[in-house]
Amino acid sequence: MRTTDFSKTNTILNQYLAEIRDVNVQKDSLRFRRNIERIGEIMAYEISRELPYKPVRIQTPLDVATENVPAEQPVIATILRAGLPLHRGFINYFDHAENAFVSAYRKYIDEDNFDIHIEYIASPRLDNKILIITDPMLATGGSMELAYKALLTKGEPAHIHIASVIASEQAIRHIQAVFPADKTTVWCGTIDPELNAHSYIVPGLGDAGDLCYGEKE
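Residues numbered from 1 in each chain as written. Predicted model: local features only at pLDDT ≥ 70, side-chain atom pairs only at ≥ 80, totals over all residues. Heavy atoms only, no water.

## Quick look at the overall build of the protein chain
What counts here: Where helices and strands are cited, they refer to DSSP runs of H or I of at least four residues and of E of at least two residues respectively, numbered from the N terminus. Radius of gyration: C-alpha atoms only; globule rule: 2.2 Å multiplied by the number of residues to the exponent 0.38. The buried label goes to any residue with under 20% of its type's maximum accessible area, the exposed label to any with over 50%, and the partly exposed label to all in between, with areas taken from a 1.4 Å probe on protein chains only. The accessible surface values rely on the Shrake-Rupley method and a 1.4 Å probe; as for residues, cover is taken only from the protein chains in view.
A count of helices and strands for the protein chain gives 6 helices and 12 strands. Taken against the 2.2 N^0.38 rule, which gives 17 Å for 217 residues, the C-alpha radius of gyration of the protein chain at 18 Å falls within 12% of a compact globule. Referenced to the eigenvectors of the C-alpha coordinate spread, the extents of the protein chain come out at roughly 65 × 40 × 30 Å. Counting every position in the protein chain, which comprises 217 residues, the buried fraction comes to 45%. By element, 49% of the accessible surface of the protein chain is carried by carbon and sulfur atoms, the whole surface being about 11000 Å².

Right, here's the structure in full:
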């Protein structure tokens, strides 16, 4: 299983990552969402390099041109609600993609312990398709695992790309343990070293869903 950490190279993605972490910039939810979206656009471009391509003949006003275009479009799956801006960044580039949505949330048992529940899934058939699952924060990896299992009820994809803005080292290890290694690729804006007692990524950025859309009860 290959994991790409974008923060290991100098690209404009690092600027957007710095801004979404900044407590002062986070006060502007529109800017926060847009920067998540921009990160999604950059990741979509990088993932597009790994898709199968085919030549097509295009009639121009003057002659016929041959261009290589994707031979198939991926299915972009998103874990609600925090994943929506990242999802939008992907479909800004994969504008012909099919879409899937999974609602996964933490149900707290007490202050420090929780179970993850899947409440809703809407997806096309996934048999032999390229599946991209987007979630801005990979804390424990549990939500991603359950979302993937829910999506498997719609068919077995040919390849899975996991795209996250910030992941913890623990989540990466969990993904490596539970996803099929021969057909999974992980893409992260950065990988942070630890989780706190509430299973939030440290240094992380806080609650991405709340920063995007406001606090929930």
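So, next bit.
## Some thoughts on the nonpolar core
Which entries qualify depends on this criterion: Side-chain atoms within 4.5 Å are what join buried Ala, Val, Leu, Ile, Met, Phe, Trp, Tyr and Cys residues into a set we call a nonpolar core.
Ranked by internal contacts, the top residues of the largest apolar core, which has 32 residues, are I20, F90, F94, V165 and L205. Breaking this core down by element, the ones donating at least two residues are helix 1 (13–21), helix 2 (29–48), helix 3 (84–93), strand 7 (130–134), strand 9 (159–168) and helix 6 (208–213). Counting residues per element, this core draws most heavily on helix 2, which supplies 6 residues.

## Some details on the side chain of S168
What counts is decided by this rule: By the criterion applied in these results, polar contacts are pairs of N or O atoms within 3.5 Å in which, for protein atoms, one can donate a hydrogen and the other can accept it, and in which residues neighboring in sequence qualify only through two side-chain atoms. Contacts: residue pairs with any heavy atoms within 4.5 Å of one another.
Within the fold, S168 resides in strand 9. A distance of 2.9 Å separates a polar atom in the side chain of S168 from the backbone nitrogen of A171. Ignoring sequence-local partners within four residues, the contact set of S168 consists of L138, A139, I191, D192, E194, L195 and I201.

## What to know about the packing of helix 2 against helix 3
Spelled out, the test is: Interaxial angle, 0 to 180 degrees, is taken between N-to-C directions of lines fitted to C-alpha atoms, where a helix line uses only the stretch in contact. Note on terminology: angles under 35 degrees are roughly parallel, angles over 145 are roughly antiparallel, angles of 65 to 115 are roughly perpendicular, and the others are oblique. Here is the rule for handedness: rotate from the far helix to the near one, and if that takes an anticlockwise turn smaller than a right angle the crossing is left-handed, while a clockwise turn gives right-handed. Amino acids outside the nonpolar list (Ala, Val, Leu, Ile, Met, Phe, Trp, Tyr, Cys, Pro) and the charged list (Asp, Glu, Lys, Arg) are all regarded as polar, and Gly is one of them.
Remark: helix 2 packs on helix 3, axes separated minimally by 7 Å, with the N-to-C direction vectors making an angle of 45 degrees. Overall, the two elements helix 2 and helix 3 adopt an arrangement that is oblique. As helix 2 runs across helix 3, the sense of the crossing is right-handed. Contacts between helix 2 and helix 3 pair R33, I36, E37, I39, G40, E41, M43, A44, Y45 and I47 from the former with P85, L86, R88, G89, F90, N92 and Y93 from the latter. Counted by class, the contact of helix 2 with helix 3 contains 10 nonpolar, 3 polar and 4 charged residues.

## Details of the packing of aromatic side chains
When we look at a pair of aromatic rings, we describe it by the centre distance and by the angle of the planes. Worth spelling out the cut-off: Aromatic rings from Phe, Tyr and Trp, with only the six-membered ring used for Trp, were paired whenever their centres fell within 6.5 Å, and each pair was classed as stacked if the ring planes differed by under 30 degrees, edge-to-face if by over 60, and tilted otherwise.
Throughout the structure, instances matching the rule amount to 2 aromatic pairs. Their ring planes at 25 degrees and their centres at 6.1 Å tell us that F6 and W187 sit as a pair that is stacked. Note that F6 is positioned in the loop between strand 1 (2–5) and helix 1 and W187 in strand 10 (residues 184–192), a separation of 181 residues in sequence. Neither residue differs from the other here; F6 and W187 are each classed as buried.

## With respect to the pattern of salt bridges
To keep things clear, this is the line we draw: Take a side-chain nitrogen of Lys or Arg and a carboxyl oxygen of Asp or Glu: if they are within 4 Å of each other, that pair is a salt bridge.
Per the stated rule, a full pass over the model turns up 12 salt bridges. Note that D127 is salt-bridged to R125, the shortest N-O span being 3.0 Å. Bridged by salt links that share partners, the residues R34, E37, E41 and R88 form one connected network.

## Comments concerning helix 1
Definition in use: Each direction from the helix axis to a C-beta atom contributes to the arc, which is the arc of those directions.
Along helix 1, the residues classified as buried are L13, Y16, L17, E19 and I20. Projection of helix 1 onto a plane perpendicular to its axis shows the buried side chains occupying an angular sector of 165 degrees, all on one side. Tucked inside the fold, the buried residues of helix 1 contact helix 2, strand 9 and strand 10.

## Thoughts on the environment of F32
Residue placement: F32 occurs in helix 2. Separated by 125 residues in sequence, F32 and P157 have C-alpha atoms that sit 32 Å apart.

## Brief notes about the environment of R38
The topology assignment puts R38 in helix 2. Between the C-alpha atoms of R38 and F90, which are 52 residues apart in sequence, the distance is 8.9 Å. For R38, the side chain forms a polar contact with the side chain of N35, separated by 3.1 Å.

## Examining the pairing of strand 10
Which entries qualify depends on this criterion: One bridge is not enough; two strands pair if DSSP finds at least two bridges between them. Handedness of a crossover is defined as follows: orient the strands so they point away from the viewer, and if the path from the first strand over the helix to the second runs clockwise, the crossover is right-handed.
When you tally the buried positions in strand 10, you get 8 out of 9 residues, the bulk of the element. As paired elements, strand 1 and strand 10 share 4 bridges and run parallel to each other. Bridge pairing in strand 10 places T4 opposite W187. Across 8 bridges, the pairing between strand 9 and strand 10 is parallel. Considered in strand 10, the bridge of S164 is made with C188. Handedness of the β-α-β unit built from strand 9, helix 5 (residues 169–178) and strand 10 comes out right-handed.

This is a description of form; function is not addressed.
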